[in-house]
Amino acid sequence: MTSLYTASAAATGDGRNGHVQSTDGVLDLDVRVPKEMGGSGGATNPEQLFAAGYAACFHSALRLVAGQAKADTTDSEVVADVSVNPTETGGFQLSVQLEVSLPAVDAETAQKLVEQAHQVCPYSNATRGNIEVTLSVA
């Protein structure tokens, strides 16, 4: 497979209580365990970074398929909620809720565009069959 782009980042310190930095220096953040999971909070965490990446990626895929369909994406938005869930084996599993707003498009068309974007988005393709992803149109 020929890559169009490769992102590279390193984590240092104490895992979820450490630091992440992209090799180009654009991303340079402390990470902390959220208070809801018994940590100190006060910094970003892997789930927030995943949510931001998925929301941005899905929004791009949505705008691509909407553009092909000549649908209006004015004021469109994608909100990604990424949850950490315990598993029966003592581990953890992610789940994602994507809420899409396409205010300039009727509900039926919006639903079709969201389903098409879900087939195009690299995050959706990476998570398909691995974690639960729920799509909703606001």
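A brief report on the enclosed structure follows. Because the structure is predicted, anything quoted here is derived from the model rather than measured.

Section: helix α2 (residues 107-120)
Each full turn of the α-helix corresponds to 3.6 residues, which orients residues three or four apart in the same direction. If you check α2, its first and last C-alpha atoms are 20 Å apart, about what 14 residues at 1.5 Å a residue would give, namely 20 Å. A110, L113, V114, A117 and H118 are the residues of α2 that are buried. Looking straight down α2, one finds its buried side chains confined to an arc of 145°; they lie on one side. If you follow the buried residues of α2, they end up packed against α1 (46-68), β5 (92-101), α3 (122-127) and β6 (132-137). At the N-terminal end of α2, a side-chain oxygen is found 3.2 Å from the backbone nitrogen of E108, two or three residues along, and the residue is D106.

Here's the deal with the side chain of S22
When you line up the elements, S22 lands in strand β2 (residues 17-22). S22 gets classed as buried once you look at its relative accessible area, which sits at 12%. Among the polar contacts listed, one links the side chain of S22 to the side chain of D24, at a separation of 2.6 Å.

Considering the sheet that holds β5
Here three strands make up an open sheet; going across it, the order is β4-β5-β6 and the pairing mixed. Edge positions in the open sheet fall to β4 (77-86) and β6, since each of these has one partner strand only. On average, each strand axis in the sheet is inclined to that of its neighbour by 15°, with strand direction left out of account. By the bridge criterion, ten bridges tie β4 to β5 in an arrangement that is antiparallel. If you follow P86 over to β5, its bridge partner there is F92. Sitting on the sheet, α2 is in contact with β5 and β6, with an inclination near 150° to β6.

Some details on the packing of aromatic side chains
According to the stated counting rule, one finds four aromatic pairs in the structure shown. In this structure an aromatic cluster arises from ring pairing among F50, Y54, F58 and Y123.

With respect to the pattern of salt bridges
Scanning the entire structure with this criterion turns up two salt bridges. The closest approach of N and O atoms between E47 and R16, which form a salt bridge, is 2.5 Å. One end of the pair, E47, is in helix α1; the other, R16, is in the loop between β1 (9-14) and β2, with 31 residues separating them in the sequence. Note on R16: relative accessible area 30%, which makes it partly exposed. A salt bridge links K112 to E108; its shortest N-O distance comes to 3.4 Å. Of the two residues, K112 and E108 both sit in helix α2, four residues apart, roughly one turn of that helix. By relative accessible area, K112 is classed as partly exposed at 48%. On the basis of relative accessible area, E108 is assigned to the exposed category, the value being 53%.

Some thoughts on α1
End to end, α1 covers 33 Å across 23 residues, agreeing with the expected 33 Å (1.5 Å per residue, within 8%). Tucked inside the fold, the buried residues of α1 contact β4, β5, α2, α3 and β6. Two to three positions downstream of the cap, the backbone nitrogen of E47 sits 3.0 Å from a side-chain oxygen, assigning the N-cap of α1 to N45. A positive backbone phi angle near 60° is found at K70, which sits one or two residues after α1.

What counts as what
Residues numbered from 1 in each chain as written. Predicted model: local features only at pLDDT ≥ 70, side-chain atom pairs only at ≥ 80, totals over all residues. Heavy atoms only, no water. Helix = DSSP H or I, 4+ residues; strand = E, 2+ residues; numbered from the N terminus. Expected span 1.5 Å × (residues − 1). Buried < 20%, exposed > 50% of the residue type's maximum accessible area, 1.4 Å probe, protein only. Arc of directions from axis to C-beta. Contact = heavy atoms within 4.5 Å. Polar contact = N/O pair within 3.5 Å; in protein donor to acceptor, adjacent residues only side chain to side chain. Pairing = 2+ DSSP bridges. Axes fitted to C-alpha atoms, helices over the stretch in contact; angles between N-to-C directions. Phe/Tyr/Trp six-rings, centres within 6.5 Å; stacked < 30°, edge-to-face > 60°. Salt bridge = Lys/Arg side-chain N within 4 Å of Asp/Glu carboxyl O.

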